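Architecture at a glance
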Amino acid sequence: WQHGRVSMQSPSQEPRLTADEYLRAAPDALGDIEVVDGLVVHNMAQSEVHDLVVRRLAAALENARPAGGPCFRVSSDVGVRFADAASSRADHRLNIRYPDIMVRDCDPYDVNTVRDRIQLLVEVTSEATFEADTTAKRVLYAAAGIPGYLVVHFDKDWGRISEVEEY
């Protein structure tokens, strides 16, 4: 990472990011990535059905807010910083995820502190993200004390919702 740009790396080097590098970058400068223990993980484009489910579920959650109740914001694909990994190397610590849907309070957004104000996270599975959505993220979100986590599963043809798991 040099002067706000990712430096070219040989194929044998894993692209990594420190918290300082992430926080210095403009919000849209890094593209469609997540960071797991400092390792940059490129997110794959999702299917039309995945996008449709995310949009409709986010709209349903937004519309379900009770009038006069507490203020909640519903967002999709917004960064959340989770606890840093226990490593002595700065480029092996950062953990940033972009949940499909996040329901949180209305305090000002800050990537470093938003995890403490989340009420619900939703991940819509896909073939590319199934393992992370059902195992790694479930553990990460539970460790962060997120009160609710939903995983939306599709049938074997990835064309229809087959199940919604709640944790």
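These lines cover the structure that appears in this document, whether it is placed above or below. (Residues numbered from 1 in each chain as written. Predicted model: local features only at pLDDT ≥ 70, side-chain atom pairs only at ≥ 80, totals over all residues. Heavy atoms only, no water.)

Comments concerning the pattern of salt bridges
Applying the stated criterion across every chain, the model contains 12 salt bridges. Taking the shortest distance from any N to any O, the salt bridge between Asp105 and Arg117 comes out at 3.0 Å. One end of the pair, Asp105, is in strand 6 (residues 101-105); the other, Arg117, is in the loop between strand 6 and strand 7 (118-124), and 12 residues separate them in sequence. The exposure class assigned to Arg117 is buried, which follows from its relative accessible area of 13%. Taken together, the salt bridges that share partners define one network made up of Glu34, Arg97, Glu123, Asp133 and Lys137. (Salt bridge = Lys/Arg side-chain N within 4 Å of Asp/Glu carboxyl O. Helix = DSSP H or I, 4+ residues; strand = E, 2+ residues; numbered from the N terminus. Buried < 20%, exposed > 50% of the residue type's maximum accessible area, 1.4 Å probe, protein only.)

Some points on helix 2 (residues 48-63)
Every α-helix carries 3.6 residues per turn, so stepping three or four residues along brings you back to the same face. The end-to-end C-alpha separation of helix 2 is 22 Å, in line with the 22 Å expected for 16 residues at 1.5 Å each. Within helix 2 the residues assigned to the buried category are His50, Val53, Val54 and Ala58. Buried residues in helix 2, looked at end-on, bunch into an arc of 120 degrees, giving them a common side. Of the exposed residues in helix 2, the ones pointing more than 90 degrees away from its buried face are Glu48, Arg56 and Asn63. The inward-facing, buried residues of helix 2 abut strand 3 (72-75), strand 6, strand 7, strand 8 (148-154) and strand 9 (161-166). (Expected span 1.5 Å × (residues − 1). Arc of directions from axis to C-beta. Contact = heavy atoms within 4.5 Å.)

Re the state of the cysteines
One pass over the full model with this rule turns up 1 disulfide. Paired through a disulfide, Cys71 and Cys106 show a sulfur-sulfur distance of 1.8 Å. Torsion about the S-S bond of the Cys71 and Cys106 cystine: about -75 degrees, corresponding to left-handed handedness. With Cys71 in the loop between helix 2 and strand 3 and Cys106 in the loop between strand 6 and strand 7, the pair connects residues that are 35 residues apart, well separated along the chain. (Disulfide = S-S within 2.5 Å.)

Focus on the packing of aromatic side chains
Applying the stated criterion across every chain, the model contains 4 aromatic pairs. Between Phe154 and Trp158, the aromatic rings sit 6.0 Å apart at their centres with planes inclined by 45 degrees, giving tilted as the arrangement. For Trp158, a relative accessible area of 26% corresponds to the partly exposed category. Grouping aromatic residues by their ring pairs yields a cluster made of Phe82, Tyr141, Tyr149 and Tyr167. (Phe/Tyr/Trp six-rings, centres within 6.5 Å; stacked < 30°, edge-to-face > 60°.)

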